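Residues per chain, in single letters:
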Amino acid sequence: MDFELKSLSPEQSVDLAVDALLVLVPDNLPKAQGKALTALSELIEDAAQRGDLETGVGKCLSCYRPAGLKAARVLLARVGDGSPAAVRKTVVAAMSSLKAPQVRKLGLLLNLLADSDATVQAAMTGCADASYVYTHSKPSAKARPLHKVVVGVGKAEAVRTGFQQGKGLVAGVELAKEWANRPGNMATPSLLAEAARKLGRLPNIKTEVMGPKEVAALKMGAFMAVAQGSAEPLRFIVLRYNGAPRTEAPVVLVGKGITFDTGGISIKPAAEMDEMKFDMGGAASVLGTFAALAELQPTINVVGLIPSCENMPDGMAVKPGDVVTSMSGQTIEILNTDAEGRLILCDALTYAARFKPRAVVDIATLTGACVIALGAVRSGLFSADDALAQALQTAGEAALDPCWRMPLDDEYAEGLKSNFADMGNVAGRAAGAVTAAKFLQKFTGELAWAHLDIASTAWKSGAAKGATGRPVPLLVHYLLGQAEQAKAPKKTARRKA
Ligand code: BES
Ligand code: MN
Ligand code: ZN
């Protein structure tokens with residue numbers, strides 16, 4: 001889908017040649033007068049006065065061939081106070097009536113709102129999200145008819161940054177959705193590695209893929225234990241984005257890449273087990289973030305690590321009670337083979353240290369407990385580093401992809417004690433999302449580390465089952481913020497001294 005940014009006066013809006021025009025109308029739109037009076041402003045005022053265009057976020061009025069406008073389909077949509085969140089919500093709601101195959105070129109009119117980067121981004125991501133169509137394994141689904149979106153604002157130059165970032169975000173979210181949506185047999189560890197290799201052809205990105213031999217040489221005993229029950233060979237994917245001098249410490253992103261989670265010998269119940277194809281949502285968000293980096297080219301270095309395998313029951317599979325040695329040297333009693341995410345992540349976290357990173361963020365569909373704790377609204381955020389936690393929280397708010405900080409008190413690690421190894425891989429049922437984070441923390445040493453549990457935010461269940469592309473927007477905003485900060489490091493250092 002192609003976006004174009006255009007400065008549009010009220011008069012020009014009326015003449016925009018598009019298949020459909022989506023006009024975002026704030027509740028408190030001042031009455032147009034004199035020269036500013038156009039066919040569109042008259043239509044809005046008339047509809048509002050007669051009560052056909054109610055106020056309130058997402059309230060729509062659909063018009064066909066209204067007099068004086070070039071576009072055949074015109075949809076007026078209320079955006080309440082015009083906040084970015086309201087804009088996003090409204091665009092998503094409005095797009096449901098703009099899915100006709102005739103709507104190939106859409107005008108997204110934001111010029112009745114104040115020009116703002118956040119507004120433009122909210123409108124673009126909402127528009128892309130709502131028009132996405134999954135077709136990879138469903139040829140009967142009609143591909144997204146929408147090809148072009150003209151974003152009309154007051155002054156294009158005022159929102160050029162937001163527009164560019166919006167394009168990067170859309171590219172990243174769409175790649176993440178696409179890979180997370182693909183079924184387990186069409187998104188194997190090897191196929192994820194291929195997708196990463198393809199990203200490696202983009203400017204400033206390099207990809208390296210390791211297989212069972214290399215991972216064995218690295219002594220990643222926990223990761224290998226999860227993979228050993230599957231006929232699909234594991235892959236350890238290393239992506240690098242170099243947008244800053246090589247001397248700059250990178251941010252490392254670690255994405256859980258379980259391409260299917262049966263639970264292993266501690267097998268899951270059959271109901272909804274299909275959804276465990278989304279268990280590589282963390283990995284997909286790393287791939288998506290790299291796609292966005294390729295588009296945006298910020299001055300920062302980023303490393304992406306993806307441990308990827310299936311979790312299967314088999315004669316070769318790891319058994320409850322088995323003890324394995326992680327890359328860190330710490331031994332783990334695998335009490336529950338369904339707590340496999342932490343086993344592949346712990347070795348990747350140990351590996352992350354070699355990049356001497358400024359921060360490490362892992363992203364994982366880690367626990368059902370996090371779904372219970374936070375639902376689909378916010379991802380779980382765990383970090384002992386206040387500055388890092390703050391930066392991620394702020395990024396989440398700005399990106400409309402929010403998270404919520406959870407505790408990491410040492411008492412939560414009590415249940416991980418084992419009589420037969422340095423630790424067990426599960427604690428009791430209580431605070432399951434926190435004890436999982438405490439397990440990971442044992443592998444982070446002195447690193448500035450944060451963990452995002454996206455079990456409830458990476459995909460939707462039910463009739464609208466599908467990947468969301470979260471938390472790509474959060475991650476991209478965070479990385480862009482880090483790139484900004486890196487531009488003025490001396491200032492901060494001096495202020496501290
Ligand atoms: N991939 C699951 C987590 C999950 C479950 C995500 C449901 C979304 C919905 C993870 O590997 C898992 O199975 N976790 C277990 C941990 C338990 C055995 C301690 C869980 O949450 O039940
Ligand atoms: Mn599991
Ligand atoms: Zn899992």
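In case you missed it, the structure is sitting above this.
Here we summarise the structure given alongside this text. (Residues numbered from 1 in each chain as written. Chains lettered and ligands numbered in written order. Predicted model: local features only at pLDDT ≥ 70, side-chain atom pairs only at ≥ 80, totals over all residues. Heavy atoms only, no water.)

**A short note on the coordination of the manganese ion (ligand 2)**
Around the manganese ion (ligand 2), the protein contributes the donor atoms Asp261 (OD), Asp338 (O), Asp338 (OD) and Glu340 (OE), at 2.1 to 2.2 Å from the metal centre. Metal-centred angles of 70 to 167 degrees between the six donor atoms at the manganese ion (ligand 2) mark the site as irregular. All donors of the manganese ion (ligand 2) belong to a single chain; written as a sequence motif, their spacing is D-x76-D-x1-E. The two metals, the manganese ion (ligand 2) and the zinc ion (ligand 3), are separated by 3.2 Å and share Asp261 as a common coordinating residue. Of this pair, Asp261 sits in strand S10 (residues 257–261) while Glu340 sits in the loop between strand S13 (331–334) and helix H10 (341–352); the two residues are 79 residues apart in sequence, bridging distant segments of the chain. Judged by its relative accessible area of 1%, Glu340 falls in the buried class. (Donors = N, O, S within 2.8 Å, 3.2 Å for Na, K, Ca; no water. Tetrahedral: all angles 85-135°; square planar, octahedral: opposite > 155°, others 65-115°. Helix = DSSP H or I, 4+ residues; strand = E, 2+ residues; numbered from the N terminus. Buried < 20%, exposed > 50% of the residue type's maximum accessible area, 1.4 Å probe, protein only.)

**Notes on the sheet that holds strand S12 (residues 322–325)**
With mixed pairing, three strands are arranged side by side in an open sheet as S12-S13-S17. The open sheet has two free edges, formed respectively by S12 and strand S17 (423–424), since each of these has just one partner strand. Where S13 lies against S17, two bridges are found, and the strand directions are parallel. When the bridges of S17 are listed, Ile332 appears paired with Met423. (Pairing = 2+ DSSP bridges.)

**A closer look at the sheet that holds strand S2 (residues 20–25)**
Spatially, S1-S6-S5-S2-S4-S3 is the arrangement adopted by the six strands of the open sheet, whose pairing is mixed. The open sheet is flanked by strand S1 (2–7) and strand S3 (60–64), the only strands paired with a single partner. Each neighbouring strand pair of the sheet contributes to a mean axis angle of 20 degrees, computed without reference to strand direction. Against the sheet, helix H2 (residues 39–49) makes contact with S2, S3, strand S4 (73–78) and strand S5 (105–109), and its axis sits at roughly 55 degrees relative to S4, the strand it touches most. Contacts between helix H3 (residues 84–95) and the sheet are confined to S2, S3, S4 and S5, with S2 contributing the most and set at about 145 degrees to the helix. (Axes fitted to C-alpha atoms, helices over the stretch in contact; angles between N-to-C directions. Contact = heavy atoms within 4.5 Å.)

**Comments concerning the site of ligand 1**
Lining the immediate environment of ligand 1, one finds 16 residues, of which Asp261, Lys268, Asp338, Glu340 and Gly368 sit closest. Between an oxygen atom of ligand 1 and a side-chain N or O atom of Glu340, the distance comes to 2.8 Å. In the environment of ligand 1, a nitrogen atom lies 3.3 Å from a nitrogen or oxygen atom belonging to the backbone of Thr365. When the residues that make up the shell around ligand 1 are grouped by side-chain class, the tally is five nonpolar, four polar and seven charged. (Near = heavy atom within 4 Å. Polar contact = N/O pair within 3.5 Å; in protein donor to acceptor, adjacent residues only side chain to side chain. Nonpolar A, V, L, I, M, F, W, Y, C, P; charged D, E, K, R; others polar.)

**Some thoughts on the packing of aromatic side chains**
A complete count under the given rule lists five aromatic pairs for this structure. Ring geometry for Phe236 against Tyr351: centres 5.0 Å apart, planes inclined by 90 degrees, an arrangement best described as edge-to-face. With Phe236 in strand S8 (residues 235–242) and Tyr351 in helix H10, the pair connects residues that are 115 residues apart, well separated along the chain. For the pair Phe236 and Tyr351, one class covers both residues: buried. Judged by centre distance (5.1 Å) and plane angle (20 degrees), the ring pair of Phe278 and Trp459 falls under stacked. Highlighted residues: Phe278 in the loop between S10 and helix H9 (281–296) and Trp459 in strand S19 (residues 459–460), separated in sequence by 181 residues. In this structure Phe278 comes out as buried when scored by relative accessible area, which is 2%. Taking relative accessible area as the criterion, Trp459 reaches 11% and is therefore assigned buried. Aromatic rings pair up to connect Phe223, Phe236, Tyr351 and Phe355 into one cluster. (Phe/Tyr/Trp six-rings, centres within 6.5 Å; stacked < 30°, edge-to-face > 60°.)

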